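# Residue-level structure breakdown
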Amino acid sequence: MKSIKIHQNDSVAVAVEKLAAGDRVVVDNTEVELLSDIPAGHKFALKDIKSGENIIKYAYPIGHAKCDIKKGEHIHTHNTKSNLSSLLNYEYNPNYKEVEKLIPRTFMGYKRKDGRVGIRNEIWIIPTVGCVNSIVREIEAKSQQFKTENIDGIYSYNHPYGCSQLGGDMQMTLSYLAGLIKHPNAAAVLVVGLGCENGNIGELLKHLGDFDKDRVRFLVAQESDDEIADGVKMVGELAKLADTYKREECPASELVIGLKCGGSDGFSGITANPLLGALSDKIIGMGGSTILTEVPEMFGAETILMNRCRTENEFNKTVDLINNFKKYFMRYGEGVDENPSPGNKAGGITTLEDKSLGCTQKGGTAPVEDVLCYGEAVKRKGLSLLQAPGNDLVAANALAVSGAQLVLFTTGRGTPFGCPIPTAKISSNSALANKKSNWIDFNAGQLLEGKTMPELSEEFLSFVLKLASGEIKAKAELLDKHELAIFKDGVTL
């Protein structure tokens, strides 16, 4: 197989391997002579396309031709322009189907008092403000003595925020920290503040609401004679609680999985993202939950998600999600099509529509049940959309604070980053999986080599359940995961 035509209505095909000008490729029983070299993952025209005519991929326009394009010619940024514009009016045309109901599989997790389930049993040390980053690192180092067989790790986290922020910007930071503190992967949490910051512990408590006071302790460094000694003592006390938790059999309906992509290439929308979509449908079919974010990477594919909203209320919330994020771009004088990245383009993604139509496939086919604000926890089973940018670190962290126990992250270019929750990387192609085996956890490129989606999605589900059960760790968990990435949109004093 030298090329793939994704949908019968497409006017382009994608090269599976590097093709040369003069090569003859058969697509839909029709021979196409290539007029240009076509890198792997890039597109070529299946028919003559006139200037101004839409270019169709995934059965939807990914932009229009900037000039006449001949059959067999390379289609990319040099001859394609996005169709995206600023704010739009939308009409609700419901078009969704229920996913197949499945008997829930099980995994071994940690049941918490609030009814949620964790897939790791860790102690987290969280600063309210960047001023105490060095303090929490030292408390972490001196607290390793308390780690037991039942405690998966003792980790401190760093971030530069929590003070000198105004209005909504400060509220986003506090919402983020509150969500992290209540996360079920943390058996216990020590929160360390300085004492004089805007986002002090008193303000943070307003965002926390009800919480298990046995598993969360607070330390104000300015009020302590020896904050490190006091912090270590508190971690020691929290470790006694954390050590009492044991893994128990739990139904997959308790899983909340974050769906993310980054460093995408021309194969991401053909292999890795559809594989996540199939997994998402399976988890939802078993009564579980998934979260799709990266709002700018919904631009151009948003009507598909809007029409999958279960009710008009969710449709209206999705319209606000899209248009409010466009307003965020416009406030700073940026075009709404300022994407994809240079790496995306090198991998064969031409326009934001091209990227979005591939990106949104991670959400499978399930109805949209809810739309969440940044920092808001999942409330309904099924598929939720989450307000967050496309940035890998910020979006993955946003998924965590909304309650995802793990992030499944597709990539065609590769990335080693991790966040506070297990972040498993799924490669879109085998070359990346082989080259970066220390980064990649699962290879969706097998779909280009004879594996069927039903076969591979079943293997992938087994992998996810083993990951959730702690039988295996994500490669990113073996690297550093100490940095928090918090969404910022405001003035720093």
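To start, this report covers the structure provided alongside it.

Looking only at helices and strands, the protein chain has 12 helices and 23 strands in total. For 493 residues, the compact-globule formula gives about 23 Å, and the C-alpha radius of gyration of the protein chain, at 23 Å, lands near that figure. Considering only C-alpha atoms, the protein chain reaches an extent of 75 × 45 × 40 Å along its principal axes. Burial analysis of the protein chain (493 residues in total) assigns 59% to the buried set. By sequence separation, contacts in the protein chain at least 24 residues apart represent 72% of the contacts at least 6 residues apart. A total accessible area of about 19300 Å² is found for the protein chain, and carbon and sulfur atoms account for 49% of it. Across the protein chain, the mean location of the 56 positive side-chain charges is 2 Å away from that of the 63 negative side-chain charges.

A few words on a nonpolar patch on the surface. Taken together, the side chains of Leu166, Val491 and Leu493 present a nonpolar region at the surface, about 300 Å² in accessible area. Along the chain, Leu493 turns up in the segment after α12 (453-468).

With that settled, the discussion passes to unusual backbone geometry. The phi dihedral of Ser164 is positive, around 60°, even though this residue is not glycine. If you trace the backbone, Ser164 turns up in the loop between β13 (153-156) and α2 (167-181). In this structure, Glu294 takes a positive phi of about 65° despite not being glycine. Structurally, Glu294 is set in the loop between β18 (289-292) and α6 (302-307).

What follows deals with the nonpolar core. One broad trend across soluble globular proteins is that nonpolar side chains are buried collectively. Ranked by internal contacts, the top residues of the largest apolar core, which has 97 residues, are Trp124, Leu255, Ile257, Leu408, Ile426 and Phe460. Every residue in contact with Ile426, bar those within four places of it in the chain, is listed here: Ala272, Leu275, Leu276, Leu408, Phe409, Thr410, Thr411, Phe442, Ala444 and Phe460. Ala188, Ile228, Val235 and Ala242 belong to the second-largest nonpolar core, a separate cluster that totals 25 residues.

Rules of the game
- Residues numbered from 1 in each chain as written.
- Predicted model: local features only at pLDDT ≥ 70, side-chain atom pairs only at ≥ 80, totals over all residues.
- Heavy atoms only, no water.
- Helix = DSSP H or I, 4+ residues; strand = E, 2+ residues; numbered from the N terminus.
- Rg over C-alpha atoms; globule rule 2.2 N^0.38 Å.
- Buried < 20%, exposed > 50% of the residue type's maximum accessible area, 1.4 Å probe, protein only.
- Contact = heavy atoms within 4.5 Å.
- Areas by Shrake-Rupley, 256 points an atom, 1.4 Å probe, with all protein chains shown as cover.
- Lys, Arg positive; Asp, Glu negative; His and termini not counted.
- Charge placed at Lys NZ, Arg CZ, Asp CG, Glu CD.
- Patch = residues over 30% accessible without salt bridge, like charges linked within 9 Å, V, L, I, M, F, W, Y side chains within 5 Å.
- Salt bridge = Lys/Arg side-chain N within 4 Å of Asp/Glu carboxyl O.
- Core = buried A, V, L, I, M, F, W, Y, C linked by side-chain atoms within 4.5 Å.

Function cannot be read off these values alone, since they describe shape.
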